[in-house]
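Residues per chain are reported as follows:
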Amino acid sequence: MPPPGLSDDLQKFNAGGSGDWFPVAEIRYYTNVFIMYEDKILLGYKKRGLGIHKYNGFGGKVEPDESTLDAALRELKEEAGITAPLIHAGTLLFVVPGQKWAHIDIFRADEYTGTITESDEMRPEWFEKTNIPFDNMWDSDRHWFPLLLSNQRFSARADFDREGEKYIQKKWWIGIDSKT
Ligand SMILES: Nc1ncnc2c1[nH]c(=O)n2[C@H]1C[C@H](O)[C@@H](COP(=O)(O)OP(=O)(O)OP(=O)(O)O)O1
């Protein structure tokens, strides 16, 4: 049975951790974009802010009056200097007690245009799909990345405890969105 916040008709892919799900809170919308090319994936090394010193997709907050797709395209341009024909790949609910829930729409593309450029926020870097730096990413990424890489749409929830600047994964649930 999917946790609160996810649709009931998902097919479970994996789940783990312990304890209760954190209580419902207001939602804030974010985006995250992954560019694939042949056997490689483009990640960004975060130079500031939430997730500093981790590798992630390119993305950030959705601004008022902006669609998630427009926000994803804007952040990809701002943070990596490129544009791409984005496809919605999945959704991650990132939950931390005492904070708004982050609803992250995750996009992918298999091509891009422009010159990949480092920004103040992100240093882009290509990785082999067989050598993704999970030990230096958000802990939940390793659980949904197989679905991103195999082009299966997913919805996921990951609850993290916060200890100072550290985020410790407590519980997660990943489902395949079989409607698509
Ligand atoms: N758990 C987890 N896994 C993978 N990705 C993420 C998380 N939690 C997250 O917040 N994220 C992603 C979602 C976004 O792409 C970024 C966070 O966005 P942020 O850099 O705070 O937003 P910006 O709008 O770019 O920030 P500023 O420009 O205001 O600094 O991490």
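Given the structure is predicted, the values throughout are model-derived calculations rather than measurements.

Burial of nonpolar side chains together is a common tendency in soluble globular proteins. One finds Phe34, Ile41, Ile106, Trp144, Phe145 and Leu148 to be the most contacted residues of the largest nonpolar core, which totals 31 residues. Contributing elements (two or more residues each) for this core: β2 (27-37), β3 (40-46), β6 (87-95), β7 (101-109), α2 (141-149), β10 (154-163) and β11 (166-176). Counting residues in hydrophobic clusters, the runner-up holds 13 residues, among them Ile35, Leu86, Phe107 and Met122.

The environment of the ligand is made up of 19 residues, and the closest members are Thr31, Lys46, Asn56, Lys61 and Glu121. Glycine 60 places a polar main-chain atom, nitrogen or oxygen, 3.5 Å from an oxygen atom of the ligand. Lysine 61 places a polar main-chain atom, nitrogen or oxygen, 3.0 Å from an oxygen atom of the ligand. Considered on its own, the ligand offers 650 Å² of accessible surface; in the complex 85% of this is hidden by protein. Broken down by secondary-structure element, the contributors of at least two residues to the shell around the ligand are β2, α1 (68-80) and β6. With three residues, β2 is the single largest residue contributor to the shell around the ligand. Looking at the shell around the ligand residue by residue, the class counts come to six nonpolar, six polar and seven charged.

Turning to α1, a few remarks are in order. For α1, with 13 residues, the first-to-last C-alpha span of 17 Å sits near the 18 Å given by 1.5 Å per residue. Every buried residue belonging to α1 is among Ala71, Ala72, Glu75, Leu76, Glu79 and Ala80, and all of these are buried. Seen from one end, α1 has its buried residues packed into an arc of 135°, which puts them on one side. Positioned one or two residues after α1, glycine 81 has a phi angle of 80°, which is positive.

Below, the discussion takes up the packing of aromatic side chains. The full count for this structure, using the stated rule, is 13 aromatic pairs. Aromatic pair phenylalanine 94 and tyrosine 167: ring centres 6.1 Å apart, planes at 50°, arrangement tilted. With a gap of 73 residues between them, phenylalanine 94 in strand β6 and tyrosine 167 in strand β11 connect regions that are remote in the sequence. For lysine 54, the ring lying beneath its charged end belongs to tryptophan 138, and the centroid distance is 4.9 Å. Its guanidinium or amino end placed over the ring of phenylalanine 22, lysine 170 lies 4.1 Å from that ring's centre, counting from NZ or CZ.

Rules and cut-offs
- Each chain carries its own residue numbering, running from 1 in the written order of its sequence.
- Reporting of local features is limited, given that this is a predicted model, to residues whose pLDDT is at least 70; pairs of side-chain atoms are given and counted only at 80 or more, and all residues count toward the totals for whole chains, interfaces and linings.
- As a rule here, side-chain values come from all non-hydrogen atoms in the structure, and water together with hydrogens is ignored.
- Nonpolar cores are built from buried Ala, Val, Leu, Ile, Met, Phe, Trp, Tyr and Cys residues. Side-chain atoms within 4.5 Å join them into one set.
- Relative accessibility thresholds used throughout: buried, under 20% of the residue-type maximum; exposed, over 50%; partly exposed, between the two (1.4 Å probe, protein chains only).
- The helix count covers DSSP runs of H or I at least four residues long, the strand count covers runs of E at least two residues long, and both are numbered beginning at the N terminus.
- Think of it this way: one heavy atom of a residue within 4 Å of a molecule or strand is enough to make that residue near it.
- A 3.5 Å cut-off defines polar contacts: any pair of N or O atoms within that distance qualifies, except that in protein one atom must be a possible hydrogen donor and the other a possible acceptor, and neighbouring residues in sequence count only when both atoms are side-chain atoms.
- Here the Shrake-Rupley method, with its probe set to 1.4 Å, supplies the accessible areas, and only the displayed protein chains count as covering residues.
- Charged residues are taken to be Asp, Glu, Lys and Arg, nonpolar residues to be Ala, Val, Leu, Ile, Met, Phe, Trp, Tyr, Cys and Pro, and polar residues to be all remaining types, Gly included.
- What a helix should span is 1.5 Å times the count of its residues minus one.
- Regarding the arc, it is the one traced by the directions from the helix axis to the C-beta atoms.
- Only centres within 6.5 Å qualify two rings of Phe, Tyr or Trp (six-membered ring in Trp) as a pair; their planes then separate them into stacked at under 30 degrees, edge-to-face at over 60, and tilted for everything else.
- A positively charged side chain is recorded as over a ring if its NZ (Lys) or CZ (Arg) lies within 6 Å of the ring centre. The angle to the ring normal must also be within 35 degrees.

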